[in-house]
Amino acid sequence: GANVLLTDVAEVMPLLQRNYDNNLSAAALRAAGSESHLASCGRVTVAELDWTQPQHYAALCPPPFDYVLAADCIYHETLLRQLYRVLLAITNERSTIIIANERRSESVQSAFMGLFSTAFAFKKVPLAKQDPGCCHPAIELYVLKKKKGASDASLAALEAQETAESAEAAAQAAVQAQLAATSNGLQRLAVQEQGQELGQQQQQQQHLVETGVCTDDHSKAQQQQ
């Protein structure tokens, strides 16, 4: 039998371990009456795998793996590059990758196809060729094979793209900061101009009041004469 490695993130590890203990451990097989198969079956192990931590997949059983099954792993665009790196690291050109994916978002699906097609050849399994009792129109199956020389070239291209994106983001942040500073300066200038205008209006009003008083006193003096 095959040696199988089951992986998930830290939060799900207790459930994954319990499923293994209840279904695939030697004790579970003996309880199910499958003890005679223990000698011929492969070994199953459980390990934590965080795609964002390169040391996790570097510590897995020595790659490349013959088969990689990724079930429900395509769901968020921000994690696609991390999964892409993992698959590049643990496979070679003879490896077969099977991805079972629920199409939740067209933008995520498009990003997935666009990124992974740079390093892997795609083959979609038609619904008609899937087991009728285990398939669903919303679930898509893909078989991927790594292209020749994909690892180094694809990682270099991804890193160059990320460097360019970081530079663009930094430039945009600088522009936004400059615009914010300019806007604040304009606001301060507008407040200052409003204050000056108000001061001038107050001076004019005061002058008119004083002029009116003087004129009134002069008129009274002429009348008395």
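Refer to the preceding data block for the structure.
All values reported here derive from a predicted model rather than from experimental measurement. (Residues numbered from 1 in each chain as written. Predicted model: local features only at pLDDT ≥ 70, side-chain atom pairs only at ≥ 80, totals over all residues. Heavy atoms only, no water.)

Q: Give a description of the overall build of the protein chain that names residues and reports values.
A: Per the secondary structure count, the protein chain includes six helices and six strands. Tracing the protein chain from N to C terminus, the helices and strands come up as β-α-α-β-α-β-α-β-α-β-β-α. Considering only residue pairs separated by 6 or more positions, the protein chain has 76% of its internal contacts joining residues 24 or more positions apart. On the protein chain, roughly 15300 Å² of surface is accessible, and the fraction owed to carbon and sulfur atoms is 55%. (Helix = DSSP H or I, 4+ residues; strand = E, 2+ residues; numbered from the N terminus. Contact = heavy atoms within 4.5 Å. Areas by Shrake-Rupley, 256 points an atom, 1.4 Å probe, with all protein chains shown as cover.)

Q: Requested: an account of the packing of helix 4 (residues 80-90) against helix 5 (residues 106-116), with residues and values cited.
A: Packing of helix 4 against helix 5 leaves a shortest axis separation of 10 Å and a crossing angle of 35°. Pair helix 4 / helix 5 crosses with right-handed handedness. Contacts between helix 4 and helix 5 involve Leu80, Arg81, Leu83, Tyr84 and Leu87 on the former and, on the latter, Val108, Ala111, Phe112, Leu115 and Phe116. A class-by-class count of the residues in the contact of helix 4 with helix 5 yields nine nonpolar, no polar and one charged. (Axes fitted to C-alpha atoms, helices over the stretch in contact; angles between N-to-C directions. Left-handed = near helix turned anticlockwise from the far one by under 90°. Nonpolar A, V, L, I, M, F, W, Y, C, P; charged D, E, K, R; others polar.)

Q: Describe the nonpolar core, and please don't skip the residues or the numbers.
A: Counting 28 residues, the largest nonpolar core has Leu87, Ile99, Phe116 and Phe120 as its most contacted members. The element best represented in this core is helix 4, accounting for seven residues. Setting aside anything within four residues of it in sequence, one finds Phe120 in contact with Tyr84, Leu87, Leu88, Thr91, Ile97, Leu144, Lys145, Lys146 and Lys147. (Core = buried A, V, L, I, M, F, W, Y, C linked by side-chain atoms within 4.5 Å. Buried < 20%, exposed > 50% of the residue type's maximum accessible area, 1.4 Å probe, protein only.)

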